[in-house]
Every structure is written in structure tokens, then in C-alpha cells.
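Observations on the model geometry
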Amino acid sequence: WQFVRRRTGRSRIEDGRGYSNVEFYEKLLALMEQRGVPREQAQTPLEFADKLKSNDVWVITRAYNRVRYGGERLSPAEQREVERALAILTADNNG
């Protein structure tokens, strides 16, 4: 694992293939902000997911918590599940 600084000054965790294990959560936050539902600074990821009442948001949030706070890596199947959930949320956002 290596840490990479972004312009915001926050770190993101990357595996050896350059896939950010936090980037998928940042995408979720950006989508929700576009919908006018930003995560409040005081909200935990779980509180935010509970507020949104979406199975796809829960898939992404559980994966994020495991990676960010549990130090785990997603399996290829879990990565596909997160990507599928993001694709559904993106399609919902666009249409």
C-alpha cells in the first residue's frame, strides 16, 4: 500500500494496481452532492447511508468502512459489486 496526496491535501489509499480504495466513496459523495444531498460534516458514513435508505449506498458504505477503518482490501468480486452500485446510482442521477 502506498499513500498518495491529492490536491485537497487528504490522503487516499491505493493498492499496487493504482486503484483507490477510497475513491469509490468519494464518487458516491459527489453523486449525492449533485442530487442536493451532501453528507454533513458531523455525519458518519453509516449515518449518511441510513439517511439515504438505498441498498446501493449501503453496499458502497460497508465496503468503504472495511477498507478505510478496517484496513482490508476488497476482493475482485467486491470491487465489481461496488462498481455496479456506483453505475446504478450514476444512471439514476443522469436520468
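Summary of the structure given here. In this text, all values refer to a predicted model and were calculated from it rather than measured experimentally.

1. Examining the overall build of the chain
Regarding its fold elements, the chain presents 4 helices and 2 strands. Element order for the chain, N to C, with α for helix and β for strand: β-β-α-α-α-α. A sequence separation of at least 24 residues applies to 43% of the contacts in the chain between residues at least 6 apart. When the accessible surface of the chain is split by element, carbon and sulfur atoms take 48% of a total near 6,100 Å².

2. Concerning the environment of Arg 39
With respect to the element layout, Arg 39 can be found in the loop between helix H1 (23-34) and helix H2 (45-52). For Arg 39, a relative accessible area of 28% puts it in the partly exposed group. When the C-alpha positions of Arg 39 and Lys 51 are compared, they lie 9.6 Å apart, and in sequence the two are 12 residues distant. Those residues in contact with Arg 39 that lie beyond four places of it in its chain are Tyr 25, Leu 29, Thr 44, Pro 45 and Phe 48. A polar contact is formed between the side chain of Arg 39 and the backbone oxygen of Gln 43, at a distance of 2.9 Å.

3. Quick notes on the side chain of Gln 43
Position of Gln 43 among the secondary structure elements: in the loop between H1 and H2. Residue contacts for Gln 43: discarding those within four places in its chain leaves Pro 38, Phe 48 and Lys 51.

4. Digging into the nonpolar core
In terms of nonpolar packing, the biggest core is built from 20 residues, with Phe 24, Leu 28 and Ile 60 touching the most fellow members. Looking at this core, the elements that each hand over two or more residues are H1, H2, helix H3 (55-68) and helix H4 (76-94). Counting residues per element, this core draws most heavily on H3, which supplies 6 residues. Apart from the residues within four sequence positions on either side, Ile 60 is in contact with Phe 24, Tyr 25, Leu 28, Val 82, Ala 85, Leu 86 and Leu 89.

5. Points about the packing of H1 against H3
Following both chains from N to C, one finds H1 and H3 inclined at 140 degrees, their axes separated by 9 Å at the closest point. By crossing handedness, the relation of H1 to H3 is classed as left-handed. Judged by residue contacts, Phe 24, Tyr 25 and Leu 28 of H1 engage Val 57, Ile 60, Thr 61, Ala 63 and Tyr 64 from H3. For the contact of H1 with H3, the per-class residue count stands at 7 nonpolar, 1 polar and no charged.

6. Regarding unusual backbone geometry
Unlike most non-glycine residues, Lys 53 shows phi in positive territory, near 55 degrees. Structurally, Lys 53 is set in the loop between H2 and H3.

7. Thoughts on the pattern of salt bridges
Scanning the model with the defined rule gives 6 salt bridges in all. In this structure, Lys 27 and Glu 23 form a salt bridge, with 3.7 Å as the shortest nitrogen-oxygen distance. Of this pair, Lys 27 and Glu 23 both sit in helix H1, 4 residues apart, which is roughly one turn of the helix. Across the pair Arg 84 and Asp 56 runs a salt bridge, and its minimum N-O distance is 3.3 Å. Within this pair, whereas Arg 84 is found in helix H4, its partner Asp 56 is found in helix H3, the two being separated by 28 residues in sequence. Here Arg 84 falls in the partly exposed class, since its relative accessible area comes to 39%. According to the relative accessible area criterion, Asp 56 is buried, its value standing at 14%. Look at the salt bridges and you will find they share partners, linking Arg 66, Glu 72 and Glu 78 into a network.

Here is what the cut-offs are and how they apply
- Residues numbered from 1 in each chain as written.
- Predicted model: local features only at pLDDT ≥ 70, side-chain atom pairs only at ≥ 80, totals over all residues.
- Heavy atoms only, no water.
- Helix = DSSP H or I, 4+ residues; strand = E, 2+ residues; numbered from the N terminus.
- Contact = heavy atoms within 4.5 Å.
- Areas by Shrake-Rupley, 256 points an atom, 1.4 Å probe, with all protein chains shown as cover.
- Buried < 20%, exposed > 50% of the residue type's maximum accessible area, 1.4 Å probe, protein only.
- Polar contact = N/O pair within 3.5 Å; in protein donor to acceptor, adjacent residues only side chain to side chain.
- Core = buried A, V, L, I, M, F, W, Y, C linked by side-chain atoms within 4.5 Å.
- Axes fitted to C-alpha atoms, helices over the stretch in contact; angles between N-to-C directions.
- Left-handed = near helix turned anticlockwise from the far one by under 90°.
- Nonpolar A, V, L, I, M, F, W, Y, C, P; charged D, E, K, R; others polar.
- Salt bridge = Lys/Arg side-chain N within 4 Å of Asp/Glu carboxyl O.

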